[in-house]
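Understanding the architecture of this molecule
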Amino acid sequence: IVCKGEVPGVGGKGSGNGFTICNEFLSSIKLKMDTIYQNKGQDTSILLFGKTFKYPIFAAPIGGMKLNYNDAISEEEYSEAIVFGTIAAGCAGFTGDGPMDELFNDSLRVIKKAKGLGIPTLKPWENKQVLKKIALLEEANAIAFAMDIDSAGLINLAIMGKPVNPKSIEELKEIVHSTKIPFIIKGIMTKEGAEKALETGAYGIVVSSHGGRVLDNTPATCSVLPEIREVVQDKMKIFVDGGIRSGGDVFKAIALGADAVLIGRPYAISAFGGGAEGVELYTNKIGEELKETMIMTGCSSLKDITRDKIII
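Described below are features of the structure shown in this document.

About the cut-offs
Residues numbered from 1 in each chain as written. Predicted model: local features only at pLDDT ≥ 70, side-chain atom pairs only at ≥ 80, totals over all residues. Heavy atoms only, no water. Salt bridge = Lys/Arg side-chain N within 4 Å of Asp/Glu carboxyl O. Helix = DSSP H or I, 4+ residues; strand = E, 2+ residues; numbered from the N terminus. Buried < 20%, exposed > 50% of the residue type's maximum accessible area, 1.4 Å probe, protein only. Core = buried A, V, L, I, M, F, W, Y, C linked by side-chain atoms within 4.5 Å. Contact = heavy atoms within 4.5 Å. Expected span 1.5 Å × (residues − 1). Pairing = 2+ DSSP bridges. Right-handed = clockwise from strand over helix to strand, strands pointing away. Axes fitted to C-alpha atoms, helices over the stretch in contact; angles between N-to-C directions. Polar contact = N/O pair within 3.5 Å; in protein donor to acceptor, adjacent residues only side chain to side chain.

What follows deals with the pattern of salt bridges. Throughout the structure, instances matching the rule amount to 13 salt bridges. For the salt bridge of Asp97 with Lys133, the shortest nitrogen-to-oxygen distance reads 3.0 Å. In this pair, Asp97 sits in the loop between strand E5 (92–95) and helix H4 (101–113) while Lys133 sits in helix H5 (residues 127–139), placing the two residues 36 residues apart along the sequence. A residue is classified by how much of its surface remains accessible, and Lys133, at 5% relative accessible area, is buried. With a closest N to O distance of 2.2 Å, Arg109 and Asp106 form a salt bridge. Of this pair, Arg109 and Asp106 both sit in helix H4, 3 residues apart, which is roughly one turn of the helix. Judged by its relative accessible area of 44%, Arg109 is partly exposed. Owing to a relative accessible area of 15%, Asp106 belongs among the buried residues under this scheme.

As structure tokens, then:
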């Protein structure tokens, strides 16, 4: 609310409502409490990329520390905090990309040090450049990688003379077929977009409006989850970000159709304030809130978190 219109910075574009509407929508959803059931414990784990994670919670890709925040920590220090902090909590983090190769390379060095337990995120550069970066992330043994095609309208890159562009289905297919590493397309906001993403053969999508930073007056990300899940079914994994600020919000997102969530700005606060330890503490806080919500709604596993557990 306070930083609306501040891009570069941490705000949303224009009125900022592309982000605030996400938070407002999640707040409007209520949970159905039910504590009459045979308790079998609560399993918050999820299998993705052939690995089991403690919670369905991932740090969203954030880059441009000096441009958007300040120079209190470097890009590499930020990546260190995100990657190793989420690993310590049994999860993983997406890392960023930017106009300078150093940003991507710094985060990749950290992922390599972490034995591949991180998800580098590429900007929608020309495919020739993308394929070169894929070769580098293969060397780092990254468990997966993403492309935030929703950054096609990001003013930060245009300011620095490094414009990026939307991607065609054929361009995305070329990326998918160029590697065996699971590929995730970030920035899907419609069922039509999900259908096109499905056609590319990608491992998954992130339902995301880039934190409201690229287009004003977009709908709440979680509000479009049901129609996207209806199109996708179980043919690809669905992640979502945007306004998720508690374990209860994670529960709501899953009930609406997501497999897992990404959280952005709070992870930056955690990393700046407490490094890897801060990131670990924050991840466990949200994870424990999810577990508590599951206890109070009669859910033993993530599969039990269904649409009938919430009131829209």
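Next comes the rest of the account.
Our focus in this paragraph is the nonpolar core. Grouped burial of nonpolar side chains is what soluble globular proteins tend to show. Within the largest apolar cluster, 93 residues are counted, with the highest numbers of intra-cluster contacts made by Phe49, Phe58 and Ile205. No other element matches helix H11 (residues 265–297), which puts 8 residues into this core. Setting aside its immediate chain neighbours within four residues, Phe58 contacts Leu48, Phe49, Phe53, Ala92, Phe94, Ile119, Phe239, Ala260, Val261, Leu262, Ile263 and Tyr267.

The end-to-end C-alpha separation of H4 is 18 Å, in line with the 18 Å expected for 13 residues at 1.5 Å each. Of the positions making up H4, those classed as buried are Leu103, Phe104, Asp106, Ser107, Leu108, Val110 and Ile111. Those residues of H4 that are buried are in contact with helix H3 (75–88), E5, strand E6 (119–122) and H5. One or two steps after H4, the chain reaches Lys115, where phi turns positive at roughly 60 degrees.

Burial along strand E7 (residues 145–148) is two-sided: Phe145 and Met147 facing one way and Ala146 and Asp148 facing the other are all buried. As paired elements, E6 and E7 share 2 bridges and run parallel to each other. Paired with Leu122 across the two strands is Met147, which belongs to E7. Handedness of the crossover joining E6 and E7 through H5: right-handed. Pairing of E7 with strand E8 (residues 183–188), which is carried by 4 bridges, proceeds in the parallel orientation. Its bridge partner being in E8, Ala146 is matched across the sheet by Ile184.

Moving on to the sheet that holds E5. With parallel pairing, 8 strands are arranged side by side around a closed barrel as E4-E5-E6-E7-E8-E9-E10-E11. Looking at each pair of strands side by side, their axes are set apart by 30 degrees on average, direction ignored. Against the sheet, H4 makes contact with E5 and E6, and its axis sits at roughly 165 degrees relative to E6, the strand it touches most. On top of the sheet, helix H8 (residues 191–200) reaches E8 and strand E9 (204–207); it is set at about 165 degrees to E8, its chief contact.

With respect to the helices and strands, the residue Lys186 is situated in strand E8. Within polar-contact distance, the side chain of Lys186 engages the side chain of Ser208 at 3.3 Å. If sequence neighbours within four positions are ignored, Lys186 has contacts with Pro61, Met147, Asp148, Ile149, Asp150, Val206, Ser208, His210 and Asp241.

That is the geometry; function is a separate question.
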